[in-house]
Amino acid sequence: MKLDEVIKMRGEIAACERRLESLREMQTAMTSRLDGLPRAKAHTSKVEELATRIADTEKNLAEFYAEIDEKVSKLAEEIFRRVDGMSCTVLFKRYVMCKTFAQIASETNYSEPNIHCWHRQGVKAFGRG
């Protein structure tokens, strides 16, 4: 498993969540314009298409959540098995918890250069494992 898989997956989840939010906003705007008057019967209505897109996006999002839970677990296990000490802590916080180097430095009370050094050491150790 690659170290950055969880970070990429979280980006995909965020994009999917934004897409779902946009679809729901479109649905709200579309249904508020409906006035109850009869319309010509089309094969599919825009409301039906939008509802289908929302359902599909919700399904994709649920699949993403299930997949990321599995990847987080596997990645954490690999990091703990392959890397020791502060390098392990830095890799875990960076790639499993998706924290920035500044956040890691703040949480651990070490300087960012130290965090970067442990990160480099951890990446090397991870690659050897």
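Calculation notes
- Residues numbered from 1 in each chain as written.
- Predicted model: local features only at pLDDT ≥ 70, side-chain atom pairs only at ≥ 80, totals over all residues.
- Heavy atoms only, no water.
- Helix = DSSP H or I, 4+ residues; strand = E, 2+ residues; numbered from the N terminus.
- Buried < 20%, exposed > 50% of the residue type's maximum accessible area, 1.4 Å probe, protein only.
- Contact = heavy atoms within 4.5 Å.
- Areas by Shrake-Rupley, 256 points an atom, 1.4 Å probe, with all protein chains shown as cover.
- Axes fitted to C-alpha atoms, helices over the stretch in contact; angles between N-to-C directions.
- Parallel < 35°, antiparallel > 145°, perpendicular 65-115°, else oblique.
- Left-handed = near helix turned anticlockwise from the far one by under 90°.
- Nonpolar A, V, L, I, M, F, W, Y, C, P; charged D, E, K, R; others polar.
- Core = buried A, V, L, I, M, F, W, Y, C linked by side-chain atoms within 4.5 Å.

K.L.:
Could you give an account of the overall build of the protein chain, with specific residues and numbers?
P.N.:
Broken down by element type, the protein chain carries 5 helices and 0 strands. For the protein chain, the succession of helices and strands along the chain, N to C, is α-α-α-α-α. Burial analysis of the protein chain (129 residues in total) assigns 29% to the buried set. Sequence-distant contacts, at least 24 apart, represent 68% of the contacts inside the protein chain between residues at least 6 apart. With an accessible surface of roughly 8600 Å², the protein chain has 52% of that area assigned to carbon and sulfur atoms.

K.L.:
So what's going on with the packing of helix H2 (residues 46-82) against helix H3 (residues 85-96)? Residues and values would help.
P.N.:
In contact at an axis separation of 10 Å, H2 and H3 are set at 165° when each is read in the N-to-C sense. Judged by the angle between their axes, H2 and H3 are roughly antiparallel. Regarding H2 and H3, the two cross each other, and that crossing is right-handed. In this structure, H2 contributes Val72, Leu75, Ala76, Ile79 and Phe80 to the contact, and H3 contributes Cys88, Leu91, Phe92, Tyr95 and Val96. When its residues are assigned to classes, the contact of H2 with H3 shows 10 nonpolar, no polar and no charged.

K.L.:
Tell me about the packing of H3 against helix H5 (residues 112-128), and name the residues and values.
P.N.:
Angle between the axes and distance between the axes: these two values describe a pair of packed helices. Taken N-terminus to C-terminus, the directions of H3 and H5 make an angle of 90°; their axes are 8 Å apart at the nearest point. It follows from the interaxial angle that H3 and H5 lie roughly perpendicular. Of the residues in H5, those in contact with Met86, Ser87, Val90, Leu91, Arg94 and Tyr95 of H3 are Ile115, Trp118, His119, Gln121, Gly122, Val123 and Phe126. Classifying every residue of the contact of H3 with H5 by side-chain character gives 8 nonpolar, 4 polar and 1 charged.

K.L.:
Any chance you could break down unusual backbone geometry for me, citing the residues and the numbers?
P.N.:
The bulk of non-glycine residues show a negative phi, and the bulk of peptide bonds are trans. Phi is positive for Cys98, which is not a glycine, with a value near 60°. Along the chain, the position of Cys98 falls in the loop between H3 and helix H4 (101-108). Even without being a glycine, Asn109 presents a positive backbone phi close to 60°. Looking at the secondary structure, you find Asn109 in the loop between H4 and H5.

K.L.:
Tell me about the nonpolar core, residues and numbers included.
P.N.:
Within the largest apolar cluster, 23 residues are counted, with the highest numbers of intra-cluster contacts made by Leu3, Ile13, Leu75, Ile79, Val83, Leu91 and Phe126. Listing elements by their share of this core, those giving two or more residues are helix H1 (5-33), H2, H3 and H5. Considering each element in turn, this core owes the most residues, 8 residues, to H2. Once residues lying within four places of it in the same chain are set aside, the contact partners of Leu3 are Leu75, Ile79, Leu91, Tyr95, Val123 and Phe126. Core analysis: the next-biggest nonpolar cluster, separate from the first, contains 6 residues, Val90, Phe101, Ile104 and Trp118 among them.

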